[in-house]
Amino acid sequence: MPLFRHYRHVLKLSAVYPCLEQLHHSFYSHAKQNLGAVGKSNTGSTSCGVYNHNVKISRLGSGGLVKEARKLFDEMSQRDSVSYASMITVYLKNNDLPTAETLFRELPDRNIVAESAMIDGYVKAGRVDEARKIFDEMAERNVYSWTSLISGYFKTGQVDEGSRLFDRMPVKNVVSWTTVVLGYAQNGLIEQAHNVFNQMPERNVFAWTALIKSYVDHGQIDEAFNLFHEMPQQNPYSWNIMILGCLNEKRIHEAIQLFNVMPQKNAVSWTTMVTGLARNKMTKLAREYFDQMPNKDIAAWNAMITAYIDEGIMAEATELFDLMPQRNIVTWNAMIDGYARNGPEGEALKQLILMLQSRFKPNETTITSVLISCKGMLELMQSHALAIRLGVEHETSLTNALVTMYSRIGDVHSASLAFDHLKFKDVVSWTAMILAYSNHGYGYQVLPVFARMLRSGIKPDEITFVGILSACSHVGLVEKGQKLFYSMSRVYGFKPRAEHYSCLVDILGRAGQMEEAMRIVNEMPPNECDSAVLGALLGACKLHGDVRMADEIGAKLIELEPSSCGGYVLLANVYAAGGEWDEFAQVRKKMKERNVKKAPGFSQIEVKGKNHVFFVGDRSHPQIDEIYGMLCQTVLPAMREMGYTQDKSPLLV
C-alpha cells in the first residue's frame, strides 16, 4: 500500500481526534513508525528526508517563523501531500487564509489533514459556505472536520443547519457534544443546550463549564449554582466563572463566600474579586482584597486605580500608580482620563508628556481624554497637533472629541474642518457637528447637515434632535420644527423628552404662538414638564409681554423649584418689562424671605492662553478702563449699526 494512502487508512480507523494538533501529531507518529521499517533503500532515505522536512516546517510555523517555513518548503526537491498540508496549516495558524487558499488549490493530491485544516480556517473566517463545499467534496471525513463545520454553523447563527449536521454525524466524541452544547448556549438557547448536555454519554470538565458559563452569561445564577454543585470535580475555571457571575449580578455576599471556600485560588481568582468589587463601587473592600493578593497582576492594579478615579480620589490613584512595578497603555490612559475628569487643569497634558517620556505610544483613547480636558485654544491645538503626528487624527471617536471641543471654545470653522476630514462618521460625529452649528448661531447650516446624515444611512438619536430643534427655534422655522418634533416618535420610534418639549415650546413661543405653546405644556407627560420647559415658555412671555400667562407659568416654575433663583428671576423680568412694578417688588420680597440669591452673571474670554472672567458690575480687572473704552467707542456703535437695540428695562440680574 503506498505510504500516504496507508496513513489515510489508519486515520480513517482512528479518526476520533478532537483537534487538528492531535490529528497532525498522529499522522506524523504513524509515519515515523512506518519509515523505521524501510531500511536503507533509496526510497526509504527519500521518504525519511521528506518526513524530516515536513516536521521542521510544522515546528517553524508553530514558532511564527512563516517565511522560514515557506523557504524550506520551496527548497524541497520532493514534496508529498503531507508537505502541502503542513505548509497550509502553518499559514492558517498564523492567520493567513488567502495564502493557505492558494496553496490548497495547488495541492496535487488532497488529504484529510489539509482539507480539515481549510474547513477550520474558513469557519474561523466566518466563510461557512466555502467550508461546507470542501466538506462535501471530501473522500473521507473525521471527527475534526465534522466538528469544525458544526461549530461554524452555530457561530454564524445557523442553528438548525448545525443541529442537522450533528444528527448526521456518524461518530461523535466528547468535543463534538461540547461544541453543540456551547453552540446552543451562545445563541441564547440554553434549554436546548441543557437537553444536549443531558444526552451526553460522557461529560468532561469543558462540557460542564461551558453550560455553567452559559447560564452565568445570561444572568441565570441559580441555575448555574445547581450545575456547579452537581459537577463531579470543579476546576479553578468553574470557580472563577461562578464568582464572576455573582459579582456581575451584584450578589456580592455569595461571591465572597465562594471565594473564601475556593480550594485553590489563582491569579485570575484574585483579580476577578478585585475588579468585580471595584466595578460595584465597593472600593474599600476591593482594596482589602488587593492588599492580600500574593501576586498582583497588572489587571488588578489597573482595576484599583480606575476605581479610585471613578470616585474622584486622584491622590489614592496616583499613589498606586507610583507604586506599580509595571505599567501598560491601559494604566496610562486611566490616569490621563482621571486627570481630564477630576483636574487639576493641565494635569492630563502633563501626564501625556510623562507617558511619552516613558516610551509608551499614545493611542486614540489617550488623545481623546486629553482633548476633553482642554480648557483653551492653545491646549486644544497642541493636542490636535500631537494626534496628527501620531497618525490617529482620523479615528472616529477622536475626531468626534475634536469637533465637540472646537465647538466648546467657539471655533466652529475648525470643528467643521475636522468633521469634513473624517472618513467614517457615526451618529456621534453628525450630532456633534449639528450641535456645533446650532449652539453658535449657524441654524441654517443644521438642516443641510441633517439631510446629509440621513442620506449616509445614519439614524439620528435623541441628542441629534435637540440640536436640530434648537436650530429651528433660533432661525424661526416653526413649521419645519413641528414636523421634525412629531417625526421623532412616528418615524424614528423614540418618545420626546423634556429637552425636546423645551425646544418645541421655544419654537412656538418665539413665533408668538403662545396659546399653542401653552397647549403643548398642558398636554405633555407630567414627568417631562421640568424647569427648562416652563422656563422656555416664561421667556416667551417676556418677549411678547404676556403678563397674564406669565403669572400662571411663573407660579408653576417657582412651585417646581422653590429654592432655585431661575423662576423668580424670569418672572420678575417679565413684570419689569411690562411695567408691573408692584408684582416685581413682590417677587423680590419673596426671594428675600426664602433666602434665594441669584448668582451674578459672568462672561469669559481666553487671550494668549490665559482666561479672563468678568462678573456683572465687576471693575477689578487691571485693564478695565481700556476695556470699557473699546466697548463704548467701537463695539457698541458697531452693534447699533447692525440693528441691535438695547433693552433698557430694569431687569433683575
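Definitions and limits used
Residues numbered from 1 in each chain as written. Predicted model: local features only at pLDDT ≥ 70, side-chain atom pairs only at ≥ 80, totals over all residues. Heavy atoms only, no water. Helix = DSSP H or I, 4+ residues; strand = E, 2+ residues; numbered from the N terminus. Buried < 20%, exposed > 50% of the residue type's maximum accessible area, 1.4 Å probe, protein only. Contact = heavy atoms within 4.5 Å. Areas by Shrake-Rupley, 256 points an atom, 1.4 Å probe, with all protein chains shown as cover. Phe/Tyr/Trp six-rings, centres within 6.5 Å; stacked < 30°, edge-to-face > 60°. Axes fitted to C-alpha atoms, helices over the stretch in contact; angles between N-to-C directions. Parallel < 35°, antiparallel > 145°, perpendicular 65-115°, else oblique. Left-handed = near helix turned anticlockwise from the far one by under 90°. Nonpolar A, V, L, I, M, F, W, Y, C, P; charged D, E, K, R; others polar. Salt bridge = Lys/Arg side-chain N within 4 Å of Asp/Glu carboxyl O. Patch = residues over 30% accessible without salt bridge, like charges linked within 9 Å, V, L, I, M, F, W, Y side chains within 5 Å. Lys, Arg positive; Asp, Glu negative; His and termini not counted. Charge placed at Lys NZ, Arg CZ, Asp CG, Glu CD. UniProt positions renumbered as here; feature names shortened; annotations may be inferred. pLDDT = per-residue confidence, 0-100. Core = buried A, V, L, I, M, F, W, Y, C linked by side-chain atoms within 4.5 Å. Polar contact = N/O pair within 3.5 Å; in protein donor to acceptor, adjacent residues only side chain to side chain.

An unreviewed UniProt entry annotates the chain as Chlororespiratory reduction 4 of Dipteronia sinensis.

## Some words on the overall build of the chain
Secondary structure summary: the chain contains 37 helices and two strands in total. With 653 residues in all, the chain has 46% of them scored as buried. Within the chain, counting contacts between residues at least 6 apart in sequence, those at least 24 apart form 55% of the total. Of the roughly 34100 Å² that the chain leaves accessible, carbon and sulfur atoms contribute 52%.

## Focus: the packing of aromatic side chains
For the structure shown, the criterion picks out 20 aromatic pairs. Aromatic side chains Phe259 and Tyr289 sit 5.5 Å apart centroid to centroid with 80° between the ring planes, which places their arrangement in the edge-to-face category. Of the two residues, Phe259 is situated in helix α16 (residues 252-261) and Tyr289 in helix α18 (residues 283-292); the sequence distance between them amounts to 30 residues. For Tyr289, a relative accessible area of 8% puts it in the buried group. Judged by centre distance (6.2 Å) and plane angle (50°), the rings of Trp332 and Phe360 are tilted. In this pair, Trp332 sits in helix α21 (residues 329-342) while Phe360 sits in the loop between α22 (347-357) and α23 (364-373), placing the two residues 28 residues apart along the sequence. We classify Trp332 as buried; its relative accessible area is 2%. A relative accessible area of 26% means that Phe360 is categorised as partly exposed. Joined through ring pairs, the aromatic side chains of Phe450, Phe465, Tyr492 and Phe494 make up one cluster.

## Section: helix α6 (residues 97-105)
Two residues of an α-helix separated by three or four positions point the same way, owing to the 3.6 residues in each turn. Within the span of α6, buried status applies to Leu97, Ala100, Glu101, Leu103 and Phe104. In the core, the buried residues of α6 are packed alongside α4 (66-75), α5 (81-93), α7 (112-124) and α8 (128-137).

## Quick notes on unusual backbone geometry
If you check the backbone angles, Asn95 has positive phi at about 60° while not being a glycine. By the secondary structure assignment, Asn95 is in the loop between α5 and α6. Residue Asn95 is classed as exposed on the basis of its relative accessible area of 73%. Of note in this structure, Arg359 is not a glycine but carries a positive phi near 65°. As for its position among the elements, Arg359 is in the loop between α22 and α23. Residue Arg359 is classed as exposed on the basis of its relative accessible area, which comes to 78%.

## Regarding the environment of Gln199
Here Gln199 is to be found in helix α12 (residues 190-199). You can call Gln199 exposed: its relative accessible area is 54%. Between the alpha carbons of Gln199 and Trp177 there is a distance of 8.9 Å; along the sequence they are 22 residues apart.

## A closer look at the packing of helix α35 (residues 565-577) against helix α36 (residues 581-593)
It is at 8 Å that the axes of α35 and α36 come closest, and there the two elements cross at 165°. Classified by the interaxial angle, the pair formed by α35 and α36 is roughly antiparallel. As α35 runs across α36, the sense of the crossing is left-handed. Together, Cys565, Tyr568, Leu571, Ala572, Tyr575 and Ala576 of α35 and Trp581, Glu583, Phe584, Val587, Lys590 and Met591 of α36 make up the contact between the two elements. Grouping the constituent residues of the contact of α35 with α36 by class yields 10 nonpolar, no polar and two charged.

## Section: the pattern of salt bridges
Under the defined criterion, the tally for this structure stands at 22 salt bridges. Glu516 is the salt-bridge partner of Arg519, the closest N and O atoms lying 2.5 Å from each other. Here the residue Arg519 and the residue Glu516 both occupy positions in helix α32 (residues 514-523), the gap between them amounting to three residues, near one helical turn. Salt bridges sharing partners connect three or more residues here, namely Arg132, Asp136, Glu161 and Arg164.

## Quick look at the environment of Ala572
Tracing the backbone through its elements, the reader meets Ala572 in helix α35. Once the C-alpha coordinates of Ala572 and Ala585 are considered, the two residues, 13 residues apart in sequence, prove to be 8.1 Å apart.

## Section: a negative patch on the surface
Among the surface-exposed residues, Asp551, Glu552, Asp582 and Glu583 lie close enough to one another that they form a single negatively charged patch. When contributions to the negative patch are tallied by element, the ones reaching two or more residues are α34 (547-560) and α36.

## Side note on the UniProt feature "repeat: PPR" (unreviewed entry) in the chain
Here, UniProt's "repeat: PPR" (unreviewed entry) annotation points to residues 111-145, 173-203, 204-238, 266-300, 328-362, 426-460 and 497-531. Helix and strand shares over residues 426-460 are 74% and 0% respectively, and the end C-alpha atoms of the span are 10 Å apart. The distance from the first to the last C-alpha atom of residues 497-531 is 13 Å, and the span holds 69% helix and 0% strand.

## What to know about a nonpolar patch on the surface
A contiguous nonpolar patch, built from Tyr628, Met630, Leu631, Val635 and Leu636 and spanning about 390 Å² of accessible area, is present on the exposed surface. You can see Tyr628 is positioned in helix α37 (residues 624-641).

## Comments concerning the confidence of the model for the chain
Per-residue confidence for the chain gives a mean pLDDT of 82; residues scoring 70 or more make up 89%. In the predicted structure, residues 1-45 sits below a pLDDT of 50 and forms 71 contacts with residues beyond four places in sequence or in another chain.

## Here's the deal with the nonpolar core
In terms of nonpolar packing, the biggest core is built from 184 residues, with Met118, Ile212, Met242, Ile305, Ile367 and Leu537 touching the most fellow members. In this structure, Met118 is in contact with Ile88, Leu92, Leu97, Ala100, Glu101, Phe104 and Ile134, ignoring residues within four places of it in sequence.

## Side note on α22
Looking at α22, one finds that the buried residues are Glu347, Ala348, Leu349, Gln351, Leu352 and Met355. Positive backbone phi, at 65°, marks Arg359, one or two positions downstream of α22.

## Describing the side chain of Thr272
With respect to the element layout, Thr272 can be found in helix α17 (residues 267-279). Polar contacts involving the side chain of Thr272 include one to the main-chain carbonyl oxygen of Val268, which spans 2.6 Å. The contacts of Thr272, once residues within four sequence positions are left out, are Asn240, Ile243, Leu244 and Leu247.

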